[in-house]
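Spelled out from the first residue to the last, the chains are:
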Amino acid sequence: MENQSLAVQIDDLTVAYNYKPVLWDIDLSVPEGVLMAIVGPNGAGKSTLIKAILGIIKPIAGTISIFGKPYAKQRKLVAYVPQKGSVDWDFPTTALDVVMMGTYGSLGWIKRPGQKEKKIALESMEKVGMLPYKNRQISQLSGGQQQRVFLARALAQDASIYFMDEPFQGVDATTEIAIINILKELRKAGKTVVVVHHDLQTVPEYFDWVTFLNVKKIATGPVKDIFNDDNLTKTYGINYKVAVNK
Amino acid sequence: MQEYFNLLWTDYTLRTITLGTAVLGAICGMLGSFAVLRKESLLGDAISHAALPGIALAFLITGAKDSGTLLLGALVSGLIGTFWIRGITSKTHLKSDTALGLILSIFFGFGMLLLTFIQKQPNANQAGLDKYLFGQAATLVESDVKLMIIVIGISLFVMLLFWKEFKILLFDADYTKTLGFNTKFIDVLITFLIVLAIVLGLQTVGVVLMSAILLAPAAASRQWTNNLGTMVLLSALIGAFSGVFGTAISASQNNLSTGPVIVLVAGAFVLFSFIFSPKRGLLFREIRFRKNRTDLKLMKTLQFMYGIAQDHENISHPHAIRILNNFQGYTRDSLKKLEHEGWISIDGQQWAMTPKGYKQAQEMYNQQKK
Amino acid sequence: MSNPQIEIQLIAAIVAMACAIPGVFLVLRKMALISDAISHAILPGIVIGFFITQDLNSPLLILLAAFTGVITVVLVEFIQKTGLVKEDTAIGLVFPVLFSIGVILIAKNANDVHLDVDAVLLGELAFAPFDRLMVGGSDWGPKSLWVMGSILVITVSLLLLFFKELKVTTFDAGLSSVLGISPVIMHYGLMSVSSITVVGAFDAVGAILVVALMIAPAATAYLLTEDLKKMIWLSVLFGVFSAISGYWVANILDASISGSIATTLGVIFLAVYLFAPKKGLISVLYRQKQQRIEVSLITFLLHLNRHEEESERHINHLQEHINWQAVRARTVLDLAEKNNLIEIENDVVSLTEKGLAFTEKSLEYIINNKDEKIEPMKEDFFLFRG
């Protein structure tokens, strides 16, 4: 494969928490413009993989490149939707304010967000259907609405690659539909989206690429080619059907 | 009261002290907000205790008594304490509460050892070191206040300059990192400002009560606003007011040291806010809770009536009130309320559903089916 | 040694023991700061008790003040439950306010209450032998010795009686409910004992040293053992040792005894923090360095195992793809070679048979989430460690 068409390329990535191995010698390529799900059992290192790509965790070994260059040089091409539970939602701030944070990266140090940034943030909120809640305190939003705020924040980053950590975790039907629509829209616009996903049943419906991960990479490729019993068993063990039906 | 204000204008010392406590309250309130939001409320307590040996050592080494030198010592030892706490929690399995309590008590004990040692020295012109234990606002002089104003100016400048960075780091540190900000730098900057504020307050309120001056204004202001900027501003105001008011009370009474009075004033703010804040306060929470409960009862009664009315062709067919007796949620009071809403009409011992009430009950019924 | 000197050391040692025991449980339950809160918040209780009894060592005063301590805990927990402020802010708010009330009570009644805030906070062990228990005209020894002695006896008997219950509720609250042990009763029991100990001890050693005596020995012991019984014994040992050596240091420097005891506790903690065999800083840092190299080594071996093609196994690849600094690459390569896990031919690295066996075994463990088995396996394969 040509390097140019690869949104993310990972070589020999090893990550350990307190020197306990979490990811081992991962090679992974994400072609540009795909909607990829990363699936695997709990503790498989899915979130860790994303965090390592984004430079939140320092890997022990390996190289990661975004469109052929290291992450530090390509930050503006990358957006991130962390797990909803990773922040304190009682923080004194409004939904709009959180979405505005998506523009901070392009602003850089010290410069304050202005009208232009506000416009971007409002547009992003509109896309996820959160415009009516823009002045709500974030603790007064439902779990699904909070998730959409995070999604809007990533949209405000206006990136080429989106990394989302369990965006469907514990959300209502409205939010699920909103997220799927956004995913489709992003794909239409030629963006690359990598999603840590839990619900195996919806993988074929929502995504076109999939990566099976369990400490090692098991398989990666188009859903229609590799989303099969063989790979599921390799990733989840013989009892994977329990995981599917959960 | 009038007399006190006259005194405030004419008495130079009182004016200095009042200004000093006001500025101190403001700076602590402002930076305390960050400490509270970072869930490092008790770090302030540990830092203030950890600063004590620094003061004593600074005196032992330089022999100087001026606040500047002593505060520098306090700053250094406060920072050592802070980073040691972090070292303990990150490198061992001891938890933060143990690390805080440990550093707090050991540094304080060491400080006491040094202070008592100094007192026994022949050249002990040490008068004044004790004030750092409980604080003595009365010892504030103009140069101290000037120092405070400079520090608050610098803190304010840094805070405004890095406002965006402070906010995003406090809310979501990992995300901040992915955007390319140097989170360690922002973190150290915030910590440094907090330590600076604490050290500055030692002379006025003392080691023991310092943490309350830091926490109370922030805990109170958090109840009134959902905006970080407003919260910081409000904390600063509450802090400043506690300082001024506390000084006034202690100056007008005999034998009252300023520190504890300021703490009590700030504590009163917290208590008031906890109870009376319209959105989060306990009082309104209880009222809302009760109201919801009555609403629920009302709705249940309405639904029961709906069940009866449904069986008749004319929904507004009157029924005897006593048939409601079998239904538990019903009281005279709730009937009156239902009538007040226009959902039923009451005529003597009979009630009838209005079309409006019928519609309301129907909607509720449909909603439940969903 | 004069008589008062022996008595002071005896009191200090008993206080240290009485503090160390509840301290262990506070540290294990992540409630160490409650001791700080209690030790300050009891002040108003002491003052009010003093109004009534006029005697700092009266049992009534101790109970009253200890009750204030328990109230503090209840108050803190109530504020935490409202969710208005985050966890430890509640502690940070409650105890300074109560302490301030105490200070003001003392100041307003300075004529009636011969209490000195300094004394409450810092204690003065040197004066403890002068307040003596007189029964029918005969001298029974210092009062505080009797007070702390009784508290210690109570604490030890409660510990022996409820050791199992305390252990279960501390380590597994869920299991304790199944076994029918109420964690709530144990919790408030511990809080009551801590309060009584703090009140009994503050007079001798002061409010802040009480915190040091409760937390420091337990924290130090926790760095050396995770066995509850050993931890209690070690804490008692550290407490008593610091109490006695602290006394002598204070004697030499002519300085505060309580400050000196706290400092000794600090020095012991520092030494253990740095040099403890497994949990100490130096050992942790050394082990981290070793593990970093060994994890790198396994990564490298797995990489070799996975790739047949020579280009992936070329020495330069280590630097390019795996992205290691030259130094680390060298260390890893040397270590692998020394342990006969790899052989290098024309700058192309291959696994030896031993290397292959090691790699496949570790791979199996990693995938089955049995990382803990890798460590003992290293003992079998490695002649040299990182």
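Residues numbered from 1 in each chain as written. Chains lettered and ligands numbered in written order. Predicted model: local features only at pLDDT ≥ 70, side-chain atom pairs only at ≥ 80, totals over all residues. Heavy atoms only, no water.

Going by an unreviewed UniProt entry, chain C carries the name Zinc ABC transporter permease and comes from Aequorivita vladivostokensis. The record in UniProt for chain C states the following under Sequence similarities (unreviewed entry): "Belongs to the ABC-3 integral membrane protein family." Per its UniProt entry, chain C bears the Subcellular location (unreviewed entry) comment "Cell membrane". (UniProt positions renumbered as here; feature names shortened; annotations may be inferred.)

An unreviewed UniProt entry lists chain A under the name Peptide transporter, with Aequorivita vladivostokensis as the source organism. In the Sequence similarities (unreviewed entry) part of its UniProt record, chain A is described as follows: "Belongs to the ABC transporter superfamily."

Participant: Can you help me understand the nonpolar core in this one?
Facilitator: The nonpolar side chains of soluble globular proteins are, as a tendency, buried together. Core analysis: the largest hydrophobic core is formed by 281 residues, its most contacted members being F163 of chain A together with F34 and F166 of chain B. The element best represented in this core is helix α11 (residues 183-222) of chain B, accounting for 25 residues. Setting aside residues up to four positions removed in sequence, F166 of chain B forms contacts with F34, V158, M159, I186, L189, I190 and L193 of chain B. (Core = buried A, V, L, I, M, F, W, Y, C linked by side-chain atoms within 4.5 Å. Buried < 20%, exposed > 50% of the residue type's maximum accessible area, 1.4 Å probe, protein only. Helix = DSSP H or I, 4+ residues; strand = E, 2+ residues; numbered from the N terminus. Contact = heavy atoms within 4.5 Å.)

Participant: Can you walk me through the packing of helix α3 (residues 43-50) of chain B against α11 of chain B in this structure?
Facilitator: For any two helices packed against each other, the geometry comes down to the angle between their axes and how far apart the axes lie. Residue and element names in this part refer to chain B. For the pair α3 and α11, interaxial distance at closest approach is 8 Å and the crossing angle is 110 degrees. Overall, the two elements α3 and α11 adopt an arrangement that is roughly perpendicular. As α3 packs across α11, the resulting crossing turns out to be left-handed. Note on element contacts: α11 touches α3 through V195, I198, L202, V207, V208, M210, S211 and L214, opposite G44, D45, I47, S48 and H49. Broken down by class, the residue content of the contact of α3 with α11 amounts to eight nonpolar, four polar and one charged. (Axes fitted to C-alpha atoms, helices over the stretch in contact; angles between N-to-C directions. Parallel < 35°, antiparallel > 145°, perpendicular 65-115°, else oblique. Left-handed = near helix turned anticlockwise from the far one by under 90°. Nonpolar A, V, L, I, M, F, W, Y, C, P; charged D, E, K, R; others polar.)

Participant: Sorry, what's going on with the sheet that holds strand β3 (residues 350-353) of chain B here?
Facilitator: The pairing of strands in a sheet comes from backbone hydrogen bonds and takes either a parallel or an antiparallel form. All names here are of chain B. The strand order across the open sheet formed by three strands is β1-β3-β2, and the pairing between neighbours is antiparallel. The open sheet has two edge strands, β1 (319-320) and β2 (344-347), and neither has a second partner. Of the pairings in the sheet, the one linking β1 to β3 comprises two bridges and is antiparallel in character. Its bridge partner lying in β3, H319 is registered against W351. (Pairing = 2+ DSSP bridges.)

Participant: Is there a simple way to explain the interface of chain B and chain C in this structure?
Facilitator: A common way to express how large an interface is: the accessible area buried when the components associate. Of the residues lining the interface, 55 residues belong to chain B; the matching set on chain C comes to 63 residues. Where chain B abuts chain C, roughly 5000 Å² becomes buried across the two surfaces, and 76% of that area is made up of carbon and sulfur atoms. If you sort the residues of chain B by the area they bury against chain C, L42, K91 and H93 of chain B come out on top, with a joint share of 12%. In this structure, the connection of chain B to chain C is made through zero salt bridges. At the surface where chain B touches chain C, the tally comes to nine residue pairs in polar contact (both at pLDDT 80 or more). Broken down by secondary-structure element, the contributors of at least two residues to the side of chain B that touches chain C are α3, α5 (67-91), α6 (96-119), α7 (131-134), α11, α13 (258-276) and α14 (282-310) of chain B. Looking at the side of chain B that touches chain C, the element that brings in the most residues is α6 of chain B, giving 15 residues. A breakdown of the residues in the side of chain B that touches chain C according to their chemical character gives 30 nonpolar, 17 polar and eight charged. (Buried area = accessible area lost by both parts, 1.4 Å probe. Salt bridge = Lys/Arg side-chain N within 4 Å of Asp/Glu carboxyl O. Polar contact = N/O pair within 3.5 Å; in protein donor to acceptor, adjacent residues only side chain to side chain.)

Participant: Looking at this structure, I do not really get empty space enclosed by the protein. What am I missing?
Facilitator: Over the atoms, a rolling probe the size of a water molecule traces out where space has been left empty. Scanning the model with the defined rule gives four cavities of 30 Å³ or more in all. Taken as a whole, the largest cavity holds about 100 Å³ of empty space. As for the largest cavity, its lining consists of D88, D90 and F91 of chain A, V36, L37, K39, R222 and R280 of chain B together with L84, V85 and K86 of chain C. Looking at the lining of the largest cavity residue by residue, the class counts come to five nonpolar, no polar and six charged. Estimates place the volume of the second largest cavity at around 50 Å³. Along its surface, the second largest cavity is lined by F108, G109 and M112 of chain B together with L121, L122, V205, I208, L209, S258 and G259 of chain C. Among the secondary structure elements, those contributing two or more residues to the lining of the second largest cavity are α6 of chain B together with α6 (117-122), α10 (207-224) and α12 (257-275) of chain C. Sort the elements by how many residues they give to the lining of the second largest cavity and α6 of chain B lands first, with three residues. Split by residue class, the lining of the second largest cavity holds seven nonpolar, three polar and no charged. (1 Å grid on protein atoms, 1.4 Å probe; cavity = no way out; pocket = protein on both sides within 12 Å on 5 of 7 lines; lining within 4 Å. Points joined across faces, edges and corners; volume = space filled by probe spheres on them.)

Participant: Is there a simple way to explain the interface of chain A and chain B in this structure?
Facilitator: The interface of chain A with chain B comprises 34 residues on the first partner and 31 residues on the second. Both sides together, the interface formed by chain A and chain B hides about 2800 Å², and carbon and sulfur atoms give 62% of it. On the chain A side of the interface with chain B, the three residues burying the most area are F91, P92 and W109 of chain A, jointly 26% of the side's total. Summed over the shared surface of chain A and chain B, the result is five salt bridges. Our count for the chain A to chain B interface comes out at 13 residue pairs in polar contact (both at pLDDT 80 or more). Mapped onto the side of chain A that touches chain B, the elements with two or more residues apiece are α3 (95-100), α4 (104-107) and α6 (143-156) of chain A.

Participant: Teacher, can you tell me more about the sheet that holds strand β4 (residues 61-66) of chain A here?
Facilitator: Sheet architecture is open: three strands sit in the order β2-β1-β4 (chain A), paired in antiparallel fashion. In this open sheet, the two edge strands, each paired with only one partner strand, are β2 (20-31) and β4 of chain A. Adjacent strand axes in the sheet meet at a mean angle of 15 degrees when their direction is disregarded. Inspection of the sheet shows strand β1 (residues 6-17) of chain A paired to β4 of chain A by five bridges, in the antiparallel sense. Its bridge partner lying in β4 of chain A, V8 of chain A is registered against I66 of chain A. Its contacts with the sheet place helix α1 (residues 46-53) of chain A against β1, β2 and β4 of chain A, and it is angled at close to 115 degrees to β1 of chain A. In the packing of helix α13 (residues 281-306) of chain C onto the sheet, the strands contacted are β1, β2 and β4 of chain A, and the crossing angle to β2 of chain A comes to about 45 degrees.

Participant: Explain the environment of V97 of chain C to me, please; I cannot follow it from the model alone.
Facilitator: With respect to the helices, strands and loops of the structure, V97 of chain C is situated in helix α5 (residues 87-108). Each C-alpha atom, one on V97 of chain C and one on H40 of chain C, is 9.4 Å from the other, the two residues being 57 residues apart in sequence. If near-sequence neighbours (up to four positions away) are discounted, V97 of chain C is found in contact with V263, L264 and G267 of chain B.

Participant: Can you walk me through the packing of aromatic side chains in this structure?
Facilitator: The relative placement of two aromatic rings is captured by the distance of their centres and the angle of their planes. Under the counting rule described, the total for this entry stands at 24 aromatic pairs over all chains. Here F272 of chain B and F276 of chain B contribute two aromatic rings whose centre-to-centre distance is 4.9 Å and whose plane-to-plane angle is 40 degrees, an arrangement assigned as tilted. Here F272 of chain B pairs with F276 of chain B, and both are found in helix α13, just four residues apart, close to one helical turn. We classify F272 of chain B as partly exposed; its relative accessible area is 46%. According to the relative accessible area criterion, F276 of chain B is partly exposed, its value standing at 37%. What links up through ring pairs into an aromatic cluster is the set W109 of chain A together with F34, F162, W163, F166, F181 and F185 of chain B. Note that R153 of chain A overlies the ring of Y175 of chain B, its terminal NZ or CZ placed 3.4 Å from the centroid. Geometry around Y104 of chain A places K164 of chain B over its ring, the cationic atom sitting 5.6 Å from the centre. (Phe/Tyr/Trp six-rings, centres within 6.5 Å; stacked < 30°, edge-to-face > 60°. Lys NZ or Arg CZ within 6 Å of the ring centre and 35° of its normal.)

Participant: Explanation requested: a nonpolar patch on the surface in the structure shown.
Facilitator: All names here are of chain B. Together, W224, F272, F276, L283, F284 and I287 line one region of the surface with nonpolar side chains, adding up to about 540 Å² of accessible area. Where the nonpolar patch is concerned, the elements lending two or more residues are α13 and α14. No other element matches α14, which puts three residues into the nonpolar patch. (Patch = residues over 30% accessible without salt bridge, like charges linked within 9 Å, V, L, I, M, F, W, Y side chains within 5 Å. Areas by Shrake-Rupley, 256 points an atom, 1.4 Å probe, with all protein chains shown as cover.)

Participant: How should I be thinking about the side chain of E77 of chain C in this particular structure?
Facilitator: Residues and elements named next belong to chain C. With respect to the helices and strands, the residue E77 is situated in helix α4 (residues 59-82). There is no salt bridge for the buried E77, and the closest opposite charge comes from K81, which lies 5.6 Å off by N-O distance. Other than its neighbours up to four places away in sequence, E77 contacts H187 and Y188. (Lys, Arg positive; Asp, Glu negative; His and termini not counted.)

Participant: Mind showing me how you'd approach the packing of helix α12 (residues 228-252) of chain B against α13 of chain B here?
Facilitator: Residues and elements named next belong to chain B. The interhelical angle for the contact between α12 and α13, taken along N-to-C directions, is 130 degrees, at an axis separation of 8 Å. If you check the angle between α12 and α13, you find them oblique. Judged by the twist between their axes, the crossing of α12 over α13 is right-handed. Two secondary-structure elements touch here, α12 through I238, F241, S242, G243, F245, G246, T247, I249 and S250 and α13 through T258, V261, I262, V265, A266 and F269. In terms of residue class, the contact of α12 with α13 is made up of nine nonpolar, six polar and no charged.

Participant: Would you take a moment to explain α13 of chain B for this structure?
Facilitator: The periodicity of an α-helix, 3.6 residues per turn, causes residues three or four positions apart to be oriented the same way. Taking 1.5 Å as the rise per residue, α13 of chain B with 19 residues should run 27 Å; its terminal C-alpha atoms sit 27 Å apart, in good agreement. Among the residues of α13 of chain B, those classed as buried are T258, G259, P260, V261, I262, V263, V265, A266, G267, V270, S273 and F274 of chain B. (Expected span 1.5 Å × (residues − 1).)

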